[in-house]
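Structural description and commentary
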Amino acid sequence: MNLPNWLSVFRSGAGFIVIYLLLAGTQTDLIAAIVVMMIAEISDMADGHIARRYGQVTKLGMIIDPMSDSLYRAMVFIGFLGIGWISVWFVAIIITRDIIVSYLRIFAQQQGFTMAARTSGKIKAIVQACAQVWTVGLYALSGFFSQYMDTVEVSFWLLAIATAVTAWSGIDYALGYIQSMRQGKNK
(Lines give C-alpha, C1' and ligand atoms only; values in the text may rest on other atoms or scores of the structure.)
Protein backbone atom coordinates (compact mmCIF):
# COMPACT_ATOMS: atom_id res chain seq x y z
CA MET A 1 0.00 0.00 0.00
CA ASN A 2 1.39 3.34 -1.06
CA LEU A 3 0.01 6.89 -0.78
CA PRO A 4 -2.04 6.78 -4.02
CA ASN A 5 -3.70 3.53 -2.90
CA TRP A 6 -4.46 4.97 0.54
CA LEU A 7 -6.07 7.97 -1.13
CA SER A 8 -8.30 5.59 -3.09
CA VAL A 9 -9.23 3.72 0.08
CA PHE A 10 -10.08 7.03 1.79
CA ARG A 11 -12.35 7.94 -1.11
CA SER A 12 -14.35 4.73 -0.69
CA GLY A 13 -14.92 5.53 2.97
CA ALA A 14 -15.75 9.17 2.27
CA GLY A 15 -19.04 8.08 0.72
CA PHE A 16 -20.25 6.80 4.09
CA ILE A 17 -19.35 10.11 5.72
CA VAL A 18 -21.25 12.03 3.04
CA ILE A 19 -24.33 9.81 3.48
CA TYR A 20 -24.25 10.42 7.24
CA LEU A 21 -24.01 14.19 6.75
CA LEU A 22 -26.76 14.23 4.11
CA LEU A 23 -29.10 12.29 6.38
CA ALA A 24 -28.34 14.64 9.29
CA GLY A 25 -29.47 17.38 6.92
CA THR A 26 -28.75 20.62 8.75
CA GLN A 27 -27.18 23.45 6.81
CA THR A 28 -23.94 22.90 8.76
CA ASP A 29 -24.00 19.18 7.93
CA LEU A 30 -24.55 19.91 4.24
CA ILE A 31 -21.64 22.35 4.18
CA ALA A 32 -19.50 19.72 5.93
CA ALA A 33 -20.63 17.22 3.26
CA ILE A 34 -19.40 19.61 0.57
CA VAL A 35 -16.00 19.80 2.29
CA VAL A 36 -15.74 15.99 2.44
CA MET A 37 -16.88 15.75 -1.19
CA MET A 38 -14.26 18.26 -2.32
CA ILE A 39 -11.54 16.36 -0.44
CA ALA A 40 -12.72 13.11 -2.06
CA GLU A 41 -12.63 14.69 -5.52
CA ILE A 42 -9.16 16.12 -4.91
CA SER A 43 -8.01 12.66 -3.79
CA ASP A 44 -9.35 11.28 -7.09
CA MET A 45 -7.17 13.69 -9.05
CA ALA A 46 -4.19 13.30 -6.74
CA ASP A 47 -3.92 9.52 -6.53
CA GLY A 48 -3.29 8.96 -10.23
CA HIS A 49 -1.04 11.99 -10.54
CA ILE A 50 1.10 10.93 -7.58
CA ALA A 51 1.26 7.32 -8.78
CA ARG A 52 2.44 8.30 -12.27
CA ARG A 53 4.78 11.09 -11.19
CA TYR A 54 6.58 9.07 -8.52
CA GLY A 55 6.51 5.67 -10.21
CA GLN A 56 4.01 4.24 -7.74
CA VAL A 57 1.59 2.72 -10.26
CA THR A 58 0.63 -0.74 -8.99
CA LYS A 59 -1.73 -3.47 -10.13
CA LEU A 60 -3.63 -2.99 -6.88
CA GLY A 61 -3.96 0.72 -7.60
CA MET A 62 -5.24 0.03 -11.10
CA ILE A 63 -8.04 -1.98 -9.50
CA ILE A 64 -8.92 0.04 -6.41
CA ASP A 65 -8.82 3.49 -8.02
CA PRO A 66 -11.76 2.97 -10.41
CA MET A 67 -13.52 0.81 -7.81
CA SER A 68 -13.18 3.58 -5.22
CA ASP A 69 -14.45 6.17 -7.70
CA SER A 70 -17.54 4.06 -8.42
CA LEU A 71 -18.20 3.23 -4.77
CA TYR A 72 -17.80 6.80 -3.60
CA ARG A 73 -20.02 8.38 -6.24
CA ALA A 74 -22.63 5.61 -5.97
CA MET A 75 -22.84 6.17 -2.21
CA VAL A 76 -23.39 9.89 -2.70
CA PHE A 77 -26.15 9.21 -5.22
CA ILE A 78 -27.68 6.65 -2.85
CA GLY A 79 -27.57 9.32 -0.13
CA PHE A 80 -29.43 11.66 -2.49
CA LEU A 81 -31.97 8.90 -3.11
CA GLY A 82 -32.42 8.37 0.63
CA ILE A 83 -33.41 12.00 1.15
CA GLY A 84 -35.47 12.32 -2.01
CA TRP A 85 -33.17 14.48 -4.12
CA ILE A 86 -32.80 12.04 -7.04
CA SER A 87 -34.97 9.63 -8.97
CA VAL A 88 -34.43 5.92 -8.44
CA TRP A 89 -34.18 5.62 -12.25
CA PHE A 90 -31.22 7.99 -12.35
CA VAL A 91 -29.44 5.99 -9.65
CA ALA A 92 -30.24 2.72 -11.44
CA ILE A 93 -28.71 4.02 -14.68
CA ILE A 94 -25.62 5.35 -12.91
CA ILE A 95 -24.92 2.16 -10.97
CA THR A 96 -25.72 -0.09 -13.93
CA ARG A 97 -23.20 1.76 -16.09
CA ASP A 98 -20.44 1.23 -13.53
CA ILE A 99 -21.22 -2.48 -13.17
CA ILE A 100 -21.29 -2.98 -16.95
CA VAL A 101 -18.01 -1.14 -17.48
CA SER A 102 -16.36 -3.16 -14.70
CA TYR A 103 -17.43 -6.42 -16.32
CA LEU A 104 -16.41 -5.25 -19.79
CA ARG A 105 -12.93 -4.67 -18.38
CA ILE A 106 -12.92 -8.19 -16.90
CA PHE A 107 -14.10 -9.69 -20.20
CA ALA A 108 -11.45 -7.72 -22.08
CA GLN A 109 -8.76 -8.99 -19.71
CA GLN A 110 -9.96 -12.56 -20.28
CA GLN A 111 -9.67 -11.97 -24.03
CA GLY A 112 -6.08 -10.80 -23.62
CA PHE A 113 -6.38 -7.05 -23.85
CA THR A 114 -6.77 -4.19 -21.40
CA MET A 115 -9.56 -1.67 -21.72
CA ALA A 116 -7.95 1.63 -20.88
CA ALA A 117 -9.91 4.47 -19.36
CA ARG A 118 -11.82 6.30 -22.06
CA THR A 119 -12.32 10.03 -22.41
CA SER A 120 -16.05 9.51 -21.88
CA GLY A 121 -15.30 8.03 -18.45
CA LYS A 122 -13.25 11.05 -17.45
CA ILE A 123 -15.97 13.41 -18.66
CA LYS A 124 -18.56 11.36 -16.77
CA ALA A 125 -16.52 11.63 -13.57
CA ILE A 126 -16.23 15.41 -13.87
CA VAL A 127 -19.91 15.90 -14.66
CA GLN A 128 -21.01 13.60 -11.81
CA ALA A 129 -18.70 15.34 -9.34
CA CYS A 130 -19.96 18.78 -10.35
CA ALA A 131 -23.59 17.69 -10.21
CA GLN A 132 -23.12 16.16 -6.77
CA VAL A 133 -21.28 19.10 -5.23
CA TRP A 134 -23.55 21.71 -6.81
CA THR A 135 -26.68 19.83 -5.73
CA VAL A 136 -25.56 19.72 -2.10
CA GLY A 137 -24.53 23.36 -2.38
CA LEU A 138 -27.94 24.35 -3.74
CA TYR A 139 -29.72 22.64 -0.86
CA ALA A 140 -27.26 23.96 1.73
CA LEU A 141 -27.84 27.50 0.51
CA SER A 142 -31.44 27.15 -0.69
CA GLY A 143 -32.61 29.89 1.67
CA PHE A 144 -30.29 32.33 -0.11
CA PHE A 145 -31.27 31.25 -3.64
CA SER A 146 -34.98 30.47 -3.21
CA GLN A 147 -36.10 33.87 -4.43
CA TYR A 148 -34.03 33.46 -7.62
CA MET A 149 -34.45 29.80 -8.54
CA ASP A 150 -36.25 26.60 -7.72
CA THR A 151 -33.63 24.45 -5.95
CA VAL A 152 -35.50 21.20 -6.68
CA GLU A 153 -35.80 21.96 -10.40
CA VAL A 154 -32.20 23.10 -10.82
CA SER A 155 -30.84 20.09 -8.96
CA PHE A 156 -33.10 17.79 -11.02
CA TRP A 157 -31.55 19.10 -14.24
CA LEU A 158 -28.02 18.88 -12.87
CA LEU A 159 -28.61 15.24 -11.94
CA ALA A 160 -30.43 14.52 -15.23
CA ILE A 161 -27.44 15.81 -17.18
CA ALA A 162 -25.08 13.72 -15.04
CA THR A 163 -27.25 10.65 -15.68
CA ALA A 164 -27.35 11.28 -19.43
CA VAL A 165 -23.57 11.71 -19.61
CA THR A 166 -23.19 8.53 -17.53
CA ALA A 167 -25.42 6.57 -19.95
CA TRP A 168 -23.47 7.95 -22.93
CA SER A 169 -20.20 6.88 -21.27
CA GLY A 170 -21.54 3.36 -20.74
CA ILE A 171 -22.51 3.12 -24.41
CA ASP A 172 -19.08 4.46 -25.41
CA TYR A 173 -17.33 1.79 -23.33
CA ALA A 174 -19.54 -0.95 -24.79
CA LEU A 175 -18.80 0.22 -28.34
CA GLY A 176 -15.09 0.42 -27.49
CA TYR A 177 -15.18 -3.13 -26.19
CA ILE A 178 -16.95 -4.37 -29.34
CA GLN A 179 -14.46 -2.53 -31.55
CA SER A 180 -11.51 -4.02 -29.63
CA MET A 181 -13.01 -7.50 -29.95
CA ARG A 182 -13.45 -7.08 -33.72
CA GLN A 183 -9.88 -5.81 -34.12
CA GLY A 184 -8.61 -8.76 -32.10
CA LYS A 185 -10.40 -11.24 -34.37
CA ASN A 186 -8.96 -9.56 -37.48
CA LYS A 187 -5.37 -10.05 -36.31
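Residues numbered from 1 in each chain as written. Predicted model: local features only at pLDDT ≥ 70, side-chain atom pairs only at ≥ 80, totals over all residues. Heavy atoms only, no water.

On to the overall build of the chain. If you tally the helices and strands in the chain, you get 7 helices and 0 strands. When the helices and strands of the chain are read in sequence order from the N terminus, they spell out α-α-α-α-α-α-α. The C-alpha atoms of the chain give 18 Å as radius of gyration, which agrees with the globular expectation for 187 residues (16 Å, within 12%). For the chain, the C-alpha atoms occupy an extent of roughly 60 × 35 × 25 Å along the three principal directions. Per-residue burial for the chain yields a buried fraction of 43% across its 187 residues. Looking at the chain alone, contacts between residues at least 24 apart form 78% of all its contacts between residues at least 6 apart. Looking at the chain, you have 13 positive and 10 negative side-chain charges, and the mean spots of the two groups are 16 Å apart. (Helix = DSSP H or I, 4+ residues; strand = E, 2+ residues; numbered from the N terminus. Rg over C-alpha atoms; globule rule 2.2 N^0.38 Å. Buried < 20%, exposed > 50% of the residue type's maximum accessible area, 1.4 Å probe, protein only. Contact = heavy atoms within 4.5 Å. Lys, Arg positive; Asp, Glu negative; His and termini not counted. Charge placed at Lys NZ, Arg CZ, Asp CG, Glu CD.)

With that out of the way, let us pick up the side chain of serine 8. Of note, serine 8 is situated in helix H1 (residues 3-24). For serine 8, a relative accessible area of 2% gives the class buried. Each residue touching serine 8, except ones within four places of it in the same chain, is listed here: Asp47, Ile64, Asp65 and Ser68.

Here the focus is the nonpolar core. Phe80 and Val136 are the most contacted members of the largest nonpolar core, which has 29 residues in total. Within the residue set of this core, elements represented by two or more residues are H1, helix H2 (27-53), helix H3 (59-82), helix H4 (88-110), helix H5 (119-140) and helix H7 (151-186). For phenylalanine 80, the contacting residues outside a window of four places in its chain are Leu22, Trp85, Ile86, Gln132, Thr135, Val136 and Leu159. The next biggest cluster of nonpolar side chains, apart from the first, holds 8 residues, and it includes Val101, Phe113, Tyr173 and Met181. (Core = buried A, V, L, I, M, F, W, Y, C linked by side-chain atoms within 4.5 Å.)

For the chain, per-residue confidence averages 93 on the pLDDT scale, and residues scoring 70 or more make up 98% of the total. Mean pLDDT values over the elements of the chain span from 76, in helix H6 (residues 142-145), up to 96, in H5. (pLDDT = per-residue confidence, 0-100.)

This part is about the layout of surface pockets. Approximately 1,700 Å³ is the volume found for the largest pocket. Along its surface, the largest pocket is lined by 46 residues, and Met62, Asp65, Pro66, Asp69 and Arg105 are the ones closest to its centre. Counting only elements with at least two residues in the lining of the largest pocket, the list comes to H1, H2, H3, H4 and H5. Of all the elements, H3 adds the most residues to the lining of the largest pocket, at 12 residues. Residue classes in the lining of the largest pocket are distributed as 21 nonpolar, 11 polar and 14 charged. (1 Å grid on protein atoms, 1.4 Å probe; cavity = no way out; pocket = protein on both sides within 12 Å on 5 of 7 lines; lining within 4 Å. Points joined across faces, edges and corners; volume = space filled by probe spheres on them. Nonpolar A, V, L, I, M, F, W, Y, C, P; charged D, E, K, R; others polar.)

A word on the environment of aspartate 172. Within the secondary structure layout, aspartate 172 lies in helix H7. Expressed as a C-alpha distance, the spacing of aspartate 172 and serine 142, which sit 30 residues apart in the sequence, is 36 Å.

With that settled, consider the environment of leucine 30. Locating leucine 30 in the fold gives a position in helix H2. As a C-alpha pair, leucine 30 and alanine 140 span 110 residues in sequence and 5.5 Å in three-dimensional space. Those residues in contact with leucine 30, other than ones at most four positions away along the chain, are Leu21, Leu22, Gly25, Trp85, Val136, Tyr139 and Ala140.

A complete count under the given rule lists 7 aromatic pairs for this structure. An aromatic cluster of three or more residues is present, and its members are Phe77, Phe80, Trp85 and Tyr139. (Phe/Tyr/Trp six-rings, centres within 6.5 Å; stacked < 30°, edge-to-face > 60°.)

Under the 1.5 Å per step criterion, the end-to-end length of H1 is 31 Å for 22 residues, consistent within 8% with the ideal 32 Å. The sharpest bend along H1 comes to roughly 25°, located at glycine 13. By the burial criterion, the buried members of H1 are Pro4, Asn5, Ser8, Arg11, Ser12, Ala14, Gly15, Val18, Ile19, Leu21 and Leu22. Lining the buried residues of H1 we find H2, H3 and H5. Remark: glycine 25 follows H1 within two positions and exhibits a positive phi of approximately 75°. (Expected span 1.5 Å × (residues − 1). Bend = angle between axes of the 7 residues up to and from the residue.)

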